[in-house]
Every structure is written in structure tokens, then in C-alpha cells.
Amino acid sequence: MGENAERAAALTVPSLPRRRKRPDIAADTIRDRIMETGLVPGDRVPSEWLDSETLKVSRGTLREALKLLEFQGLIASKTGPGGGIFVNAIAPDNALRMLDNLFLFEPPSIADIYAIRKLIEPELAASAAREMLTNEAFEALQSTIRLYEAEPKTAEEEYRQRLAELDFHAELARATPNRLLGFIVVFLLSLLRDMTVCREIYRESNPELRETGLHYQVRLLRSIKAGNVEQARAIMHDHMIEAEKYMLERAALRERPGASR
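Residues numbered from 1 in each chain as written. Predicted model: local features only at pLDDT ≥ 70, side-chain atom pairs only at ≥ 80, totals over all residues. Heavy atoms only, no water.

Asks: So what exactly am I meant to see when it comes to the nonpolar core here?
Replies: Most often, soluble globular proteins have nonpolar side chains that are buried together. Counting 51 residues, the largest nonpolar core has Ile110, Leu133, Leu172, Tyr202, Leu220, Ile224 and Met247 as the members making the most contacts within it. Sorting the residues of this core by element identifies helix H6 (110–131), helix H7 (135–146), helix H8 (155–175), helix H9 (179–194), helix H10 (196–202), helix H11 (207–226) and helix H12 (229–255) as the ones contributing at least two each. By size, the runner-up hydrophobic cluster in this structure holds 17 residues, among which are Ala27, Ile30, Ile34 and Leu62. (Core = buried A, V, L, I, M, F, W, Y, C linked by side-chain atoms within 4.5 Å. Buried < 20%, exposed > 50% of the residue type's maximum accessible area, 1.4 Å probe, protein only. Helix = DSSP H or I, 4+ residues; strand = E, 2+ residues; numbered from the N terminus.)

Here you go:
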């Protein structure tokens, strides 16, 4: 069986469930109570929920469970007067970093990422045109474009401009009222930023690419401002097609024998 066939088989055959450890089970119990009772960030977790006898675990197991929840960002402990265990708001950046680590050693391919970007980013653009962005959100998008309007003077400046192009999409994601859609977009951008091959491609000099990106994004801003939903969707779709083509071509060139690294 070839390597690709083995990978396919591994994906289709479900693995046996791992036996969960006691701290994991105790942490899930506390988490479920937080969700079921509607506690929100800043609320104190009732001390009776954190009683080892009530949870039927040892004190050591309870400590491990609380460490897990704190590592996940769901709770925070405070000492001193008025201290205790409190529900915490999980920062999106922390959640992204944990997801990034999931793909750290087996990153998805550029084609995998763009297969999703081509589906969801046109809807992101359409949503922005439909909802009519606030002046603040629109200014944030314009600010990212200003970072690479001028010709770069150094290779490092050109690299920063390439990252600013990604920032445009991140700002658009932050502005959408669909938080799940926005989170997925930012996660895909985070994967692109972290992939070694993408970083190398972004560092390659390509003035024409900068002009192409500007062309799409300026047109997109105009359609969003005009509230033209279908036009915004079409522009972003074409932008994603063009971006995927460029990235795949450059990645293929780097894989050729004797290609410079």
C-alpha cells in the first residue's frame, strides 16, 4: 500500500476512543456546570462545585482539572481578599494559537487552505456589503491598503506589504457580524502566515503581485461601500482564484530540483 493510500485509510478508519483520565472528566463536569447555569466571564465559580468529595475525585485530581481549565482559558484564579475561581473570557488569539499547534507538525497544503478560502471569503465580502461596515471598520480596511500603496524601498518593506495584504482580509473578518465565519477566515490566514513555504513565497520580490492585490482590494472596497453584495462576492471569488494560482505556481517552482531555497 502506497503512502497516500495509507493516509487515506487512516482518515476513513475511526480510531478507538482514548480512555479519558480523571482530571479530564472532572474538568468536563465543571465546564458543563458553567455552561448549564449560564455563568459569564467575571462570575465566581461556586465553591461547592470545586469540592473534591462532591466531584468524587482526589484533591490532586481536582487541582489537575483546574489547571486544565485555566490552561484552556475558561477560568482564572485570584488570590487575596475576594479571591477565588472565576469564569474567564477566552481570547481569540489564544484559541487560534492552540489550533495552529494542532497542525504544527502536519500542516495542511496550500491547496487545502485555498479550497476553503474560495468558499468562505466571497461570502465574507458579501456579508460586509450587505451589513454596511461602520466607518471605523472601513477606515481599518483602508489603512491596511495604505501600507502597501507606495513602492517598497527594501526587500523587508516588500515582505511587510505582503503581510499587510493578509491583514486586509483579517480586518474584513473582524468586521463581520458572523463571528464564526470571521474566526475561520482569521484561522486560515494564521496557517498561511506560519507555513514555511508561504513565508518564503511572501519574501520573493513581485511588484506585479502587489498591483494585482491593490486592484482587487480597491474594487472590493468600492463595492462594499456601495452595498453591492453580488459584485463584492464576485470580486473576492476572482481574487481568491488568482491568489491560489500564484501560490501554487510558486510552491511548485520551489519543489523543482535545483530550485533556490
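Structure's up, so let's keep going.
Asks: What exactly am I supposed to notice about the pairing of strand S2 (residues 84–87) here?
Replies: Here 4 bridges tie strand S1 (residues 75–78) to S2, and the two strands are oriented antiparallel to one another. When the sheet's bridge partners are listed, Ser77 is paired in S2 with Ile85. Linkage of S1 to S2, two consecutive antiparallel strands, is achieved through a turn of 5 residues, within which Gly80 is found at a positive phi near 85 degrees. (Pairing = 2+ DSSP bridges.)

Asks: What should I look at first to understand the pattern of salt bridges in this one?
Replies: Two side chains of opposite charge can pair, provided their charged atoms sit close to one another. The final tally for this structure, using the stated rule, is 12 salt bridges. A salt bridge links Arg174 to Glu171; the shortest N-O distance between them is 3.4 Å. Here Arg174 pairs with Glu171, and both are found in helix H8, just 3 residues apart, close to one helical turn. A relative accessible area of 25% places Glu171 in the partly exposed class. In this structure, the salt-bridge partner of Arg250 is Glu204, at a minimum N-O distance of 3.2 Å. Separated by 46 residues along the polypeptide, Arg250 in helix H12 and Glu204 in the loop between H10 and H11 bring together distant segments of the chain. Overall, Arg250 belongs to the partly exposed group, its relative accessible area being 25%. Overall, the relative accessible area of 18% leaves Glu204 in the buried class. Members of the salt-bridge network, linked through shared partners, are Arg97, Asp100, Asp194 and Arg199. (Salt bridge = Lys/Arg side-chain N within 4 Å of Asp/Glu carboxyl O.)

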